[in-house]
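Letter by letter, the chains look like this.
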Amino acid sequence: MILYIIIFRKRDFMDYIFSNRVSGLKPSAIREIFKYAADPTVVSLSAGNPAPDAFPAKALEEISARLMRENPTLALQYSITEGYTPLRESLKDYMATKGIGKEGDDLIVTSGAQQVMDLLTKSLVNEGDEVVCEAPSFIGSLNTFRSYGAKLLGVPMDADGMNMEALEETLRTHDKIRFIYTIPTFQNPSGITMSLEKRHRLYELAKEYKVLILEDNPYGELRYKGEDLPTVKSFDTEGLVVYAGSFSKVISPGMRVGWCVAPAPIIQKMTVCKQGSDVHTNIWSQVLCHEFMTKYDFEGHLRFLRELYSKKAEYTLKLLRENLSDKVKFTDIDGGLFIWCTLPEDVDMPAFCLDAVKNKVCVVPGTAFLTDENEVSHDFRINFSTPTDEQLKKGIEILGELTKKL
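Residues numbered from 1 in each chain as written. Predicted model: local features only at pLDDT ≥ 70, side-chain atom pairs only at ≥ 80, totals over all residues. Heavy atoms only, no water.

A. The overall build of the chain, seen in detail. For the chain, the count of helices and strands is 15 helices and 14 strands. For the chain, the C-alpha radius of gyration of 22 Å lies close to 22 Å, the compact-globule estimate for 406 residues. Each principal axis of the C-alpha atoms in the chain carries an extent, and together these give about 70 × 55 × 45 Å. In the chain, which comprises 406 residues, the proportion classed as buried is 54%. Taking the intrachain contacts of the chain between residues at least 6 apart in sequence as the baseline, contacts between residues at least 24 apart amount to 76%. As displayed, the chain offers around 19100 Å² of accessible surface, 53% of which is attributable to carbon and sulfur atoms. Computed over 48 positive and 57 negative side-chain charges, the separation of the two mean positions in the chain equals 5 Å. (Helix = DSSP H or I, 4+ residues; strand = E, 2+ residues; numbered from the N terminus. Rg over C-alpha atoms; globule rule 2.2 N^0.38 Å. Buried < 20%, exposed > 50% of the residue type's maximum accessible area, 1.4 Å probe, protein only. Contact = heavy atoms within 4.5 Å. Areas by Shrake-Rupley, 256 points an atom, 1.4 Å probe, with all protein chains shown as cover. Lys, Arg positive; Asp, Glu negative; His and termini not counted. Charge placed at Lys NZ, Arg CZ, Asp CG, Glu CD.)

Okay, here's the thing in structure tokens:
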């Protein structure tokens, strides 16, 4: 017993030295807020999870039972790094219907779209290189870029996407840019969709300055209103665009299946990097995704999701209009899972978010999405896909009362 206490105390004072690559990284603010959201009395408007009733659980149960009954070795044995071949072929066909995948492109299946960010950055970025990002942008990707020593160059957002004048100035004045990261459709966290004109301009600037584009499109299938816009990758005739897709928001995030379409030399290098990371994406999940795509009504499922989220989005926007102070501005959205709210500039946003937590409602502070962690944000993000209608009503009414005290 005495020896145990001595060892415990020695470990208490151990000085752990971390690599330069991770020593400056901070925990995701979203993941930290999840700790508060775990309290059942707290209304969480902070997650980015699909609605619980969005999962095709019965179909996945059927597929999984049949797989384990008829071909368990396929699900339980090692597979190839590039991905389950039938799924890769189905994804190539599916992407082709959207104009994605030109001659010279290839496709790799990844452990969620997040791994696309990781493998591409590992393949292209040296410490001190630069990555251009929308400001604000998705914290998971930003932290991935930071973990490889990249310097983030933020470009402000307009109502119709990245400010192209600011982007051009950034490209003109920096010479170590490895790629431009964009979520052009229903952006996380802002909900903004880049206009068609700006999509073309983005590609022309990338071509002019010989810089790659990383197009992240996890929400593109979740459009409730308006016309679909072509992806930036669909313009790609020069091998400049790397496209990240995901089943997380349309089948299941827990299955961790995403994919990347990119020029073959980039896919080859990402494959080597993946072999040193996780060998291959969960093969069981890949088979389930392939079977659901090809043997069930995948398009019907997407229509169901659009209808489900359309109702939840409209209800949330109605609640915001009825409850929030006129001093608070928020984005109107045509798809996706997020609404971006902006407080007056004289309001302390972190204090507001903390006050919200104390009053049993969680939102994500805008500082979590900044490319420059020293900047000030007056914004917060609301997610409407996960809470029930009752929770949405309760949470937004609490937020409304807090905003009226501003």
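On we go from here.
B. Representation of the nonpolar core. Among the nonpolar cores identified, the biggest contains 116 residues, and Phe145, Leu167, Phe179, Phe247 and Leu399 are the most heavily contacted of them. Per-element accounting of this core gives the leading share, nine residues, to helix H13 (residues 298-323). Apart from the residues within four sequence positions on either side, Leu399 is in contact with Leu45, Leu324, Phe352, Ala356, Val361, Val363, Phe380 and Ile382. (Core = buried A, V, L, I, M, F, W, Y, C linked by side-chain atoms within 4.5 Å.)

C. A look at the environment of Ala135. For Ala135, the location among the structural elements is in strand E3 (residues 130-135). C-alpha of Ala135 to C-alpha of Phe304: the two residues are 169 residues apart in sequence and 32 Å apart in space. Excluding residues that lie within four positions of it along the chain, Ala135 makes contacts with Gly154, Val155, Pro156, Met157 and Thr371.

D. Structural detail: unusual backbone geometry. Cis rather than trans, the peptide bond between Ala135 and Pro136 has omega equal to 15 degrees. Its location among the elements puts Pro136 in the loop between E3 and helix H8 (139-147). Between Asn188 and Pro189 the backbone carries a cis peptide bond, its omega angle lying at 20 degrees. Tracing the chain through its elements places Pro189 in the loop between strand E6 (177-182) and helix H10 (196-209). Positive phi, normally seen in glycine, also occurs at Arg256, with a value near 55 degrees. Tracing the chain through its elements places Arg256 in the loop between strand E8 (241-246) and strand E9 (258-263). One non-glycine residue, Lys360, adopts positive backbone phi at about 75 degrees. Here Lys360 is to be found in the loop between helix H14 (349-358) and strand E12 (361-362).

E. Region of the structure containing the packing of aromatic side chains. All told, the structure shown has nine aromatic pairs when counted by the stated rule. A ring pair is formed by Tyr94 and Phe298, whose centres lie 5.9 Å apart and whose planes are at 65 degrees; its orientation type is edge-to-face. With Tyr94 in helix H6 (residues 85-96) and Phe298 in helix H13, this residue pair connects regions lying 204 residues apart in the sequence. An identical accessibility class is assigned to Tyr94 and Phe298; each is buried. Three or more aromatic residues joined by ring pairs form one cluster here, namely Tyr94, Phe292, Tyr296 and Phe298. (Phe/Tyr/Trp six-rings, centres within 6.5 Å; stacked < 30°, edge-to-face > 60°.)

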